[in-house]
Amino acid sequence: MMRKGVMIGLDGMSWEIFESLRERGVMPNLSKILRKAVKMKLISTIPPTTASAWSSILTGVNPGKHGLFYFRQNKAKKGVKLGFVTTFDVMVPRIHEMLALNGKLSIIVNMPYSIPCLVRNKCIAVKDWLSLGRRIVECPLRFKSPISELFKDYVIPGVGPYMNKFKDKSLYLNLLYVETSKRIRILCDLLETLEDKYPWSYLFILFSETDWLFHGFLDKILSGRGKYVHKLFKIFTLIDKFIEYIKNNFIDENTLLCILSDHGFTQYNHEFRLLQYLFRKGLLRSESLTRIFLRKLSQNILWEGVLQPIRALKALFKRDKPRNVHKTSVVKRLARNAHTLHVSYGIYLNEYFIGDHTGRLAYLLKKSMNACKVRNVKPFLGVWLREEIYKGPYINRMPHVVFLPNEVAGIWPTYRLGPLLWKSKFFNHSMYGIASFYSEGSELVQNVKTCTTYDILPTVLSYMKLFIPHNVDGNVLSVMNVDRIDVKRKNYLTRWSILRKLRFKGLYESRMV
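Everything numeric in this text was worked out from a predicted model, so none of it was measured.

Peer 1: Could you clarify how one ought to interpret the nonpolar core in this entry?
Peer 2: Nonpolar side chains tend to gather and get buried jointly when the protein is soluble and globular. Met-13, Phe-236 and Ile-246 are the most contacted members of the largest nonpolar core, which totals 68 residues. By residue number, the principal contributor to this core is helix H9 (residues 229-250), which donates 12 residues. Those residues in contact with Ile-246 that lie beyond four places of it in its chain are Val-6, Ile-8, Leu-191, Leu-203 and Ile-251. Counting residues in hydrophobic clusters, the runner-up holds 44 residues, among them Ile-108, Cys-123, Leu-457 and Leu-461.

Peer 1: Would you mind showing me how to read the pattern of salt bridges here?
Peer 2: A pair can form between side chains of opposite charge whenever their charged atoms are brought close. Under the criterion given, the structure shown has 11 salt bridges. The salt bridge partner of Glu-97 is Arg-94, with a shortest N-O separation of 4.0 Å. Taken as a pair, Glu-97 and Arg-94 share a single burial class, namely buried. Asp-219 is paired through a salt bridge with Lys-425; the nearest N and O atoms lie 3.3 Å apart. Residue Asp-219 is located in helix H8 (residues 209-223), and its partner Lys-425 is located in strand S17 (residues 421-430); the two are separated by 206 residues in the primary sequence. One salt-bridge network, held together by shared partners, links Glu-179, Arg-183 and Glu-209.

Peer 1: Please explain the packing of helix H2 (residues 28-36) against H9 as it appears in this structure.
Peer 2: To characterise two packed helices, one gives the angle between the axes of the helices and the distance between these axes. With their axes 7 Å apart at the nearest point, H2 and H9 run at an angle of 50° to one another. By the criterion of interaxial angle, the relationship of H2 to H9 is oblique. In contact with Pro-28, Asn-29, Leu-30 and Ile-33 of H2, H9 contributes Asp-240, Lys-241, Ile-243, Glu-244 and Lys-247. Residue classes in the contact of H2 with H9 are distributed as 4 nonpolar, 1 polar and 4 charged.

Parameters and conventions
Residues numbered from 1 in each chain as written. Predicted model: local features only at pLDDT ≥ 70, side-chain atom pairs only at ≥ 80, totals over all residues. Heavy atoms only, no water. Core = buried A, V, L, I, M, F, W, Y, C linked by side-chain atoms within 4.5 Å. Buried < 20%, exposed > 50% of the residue type's maximum accessible area, 1.4 Å probe, protein only. Helix = DSSP H or I, 4+ residues; strand = E, 2+ residues; numbered from the N terminus. Contact = heavy atoms within 4.5 Å. Salt bridge = Lys/Arg side-chain N within 4 Å of Asp/Glu carboxyl O. Axes fitted to C-alpha atoms, helices over the stretch in contact; angles between N-to-C directions. Parallel < 35°, antiparallel > 145°, perpendicular 65-115°, else oblique. Nonpolar A, V, L, I, M, F, W, Y, C, P; charged D, E, K, R; others polar.

This is the structure:
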């Protein structure tokens with residue numbers, strides 16, 4: 001009998017938040033599953049961000065090997081040019097691509113950077129909110145007719161990431177509920193359509209809604225009191241009913257259900273203004289008011305009025321490779337020697353200006369940040385050089401200095417005048433998420449209490465009796481009631497690299513036509 005794997009992601013969920021929801025009876029079906037499941041505390045990546053953590057979960061390797069640190073990262077060989085991440089920035093195969101190389105069909109929904117899909121002949125990929133392009137779903141040609149009909153009304157998460165643009169939070173929660181319910185209904189129809197005709201081996205579904213709600217309403221979710229609590233719990237109940245649907249229809253003695261998150265959430269009561277700290281250390285320089293006025297004037301008159309039409313005509317007739325990144329400067333015209341990413345816990349040093357002194361400056365900055373203390377509060381829990389925590393061929397994509405904030409003071413990414421440490425309440429990611437394994441009728445064993453993001457992929461592949469990657473950084477968790485686990489390794493990277501080059505070439509040629 002073919003073994004299957006089902007992975008449901010609850011972005012940003014922690015055991016503390018889940019216990020708060022369980023006590024209020026918000027997610028009863030998930031609670032029922034977890035009572036029989038093997039539960040662990042998941043240690044996220046450094047930093048605990050969506051792009052790096054989910055990529056490590058799905059590849060089994062650290063960011064130095066898969067190449068992703070944050071939604072935006074350095075694209076320049078020398079200096080600092082920060083650009084948006086795309087599918088082609090993932091430098092190792094993910095689990096659905098490994099299964100495709102083994103001839104098995106996968107269904108992935110809202111997986112970060114899933115479109116364009118490199119193995120669409122053996123994968124049904126439903127677009128996530130981070131992927132570029134207009135295509136909603138990619139699938140094998142034999143599925144095109146029924147799936148196109150199902151997804152004509154599918155809604156890509158469009159409201160969720162833009163909570164701050166809504167003054168009326170009640171309207172935001174209503175729209176998010178409607179979007180989520182519509183997507184869940186279409187996904188249920190998809191699974192029922194494929195159930196008999198086209199058996200699949202792996203299913204991945206990620207709910208980003210939990211992360212968005214924790215960013216804005218974590219205090220209300222934990223306390224169970226407040227203006228929007230009823231509408232918040234309606235969305236969690238919707239997700240809970242879908243988990244029950246998956247459990248009742250697709251989980252049996254030959255299917256492993258893994259419910260997990262990429263990181264946790266916590267509340268910070270102070271904000272530490274990192275850019276101002278770098279400015280005081282001489283790593284940032286500010287512009288004069290005269291220079292700011294002249295730059296704004298030239299942008300509004302010269303650039304928008306004269307050069308924009310010329311640039312548009314040049315782009316129309318220019319035949320070049322398709323741009324996969326939109327280059328942007330996060331610290332706009334403020335930094336010369338250092339760049340810091342928005343809440344990503346990393347600092348890039350500009351090697352173009354610093355030169356051979358980059359390593360020495362990074363060490364001094366690390367030493368200074370470790371010793372930093374403001375009003376008897378240490379804002380940094382830990383500060384590391386990138387070589388100390390990442391291993392792999394793509395370390396140069398990572399920031400030179402990586403840090404984690406203290407539980408007392410979170411990092412505030414914008415530049416404001418005033419003291420370094422301000423009293424403020426906001427919610428952000430923490431290092432500890434959730435991981436659980438469940439199988440109907442199979443006896444699982446609670447042998448471990450913690451796991452890392454690198455352990456999930458080898459455990460799922462081992463359960464499915466498939467080879468694990470030769471370069472994996474994690475271990476197979478002993479959750480099955482067996483005396484010995486046979487771990488066999490395979491080099492997926494060589495064949496996958498060829499597919500990746502052919503897929504990129506196909507996109508390039510289609511753009512040229």
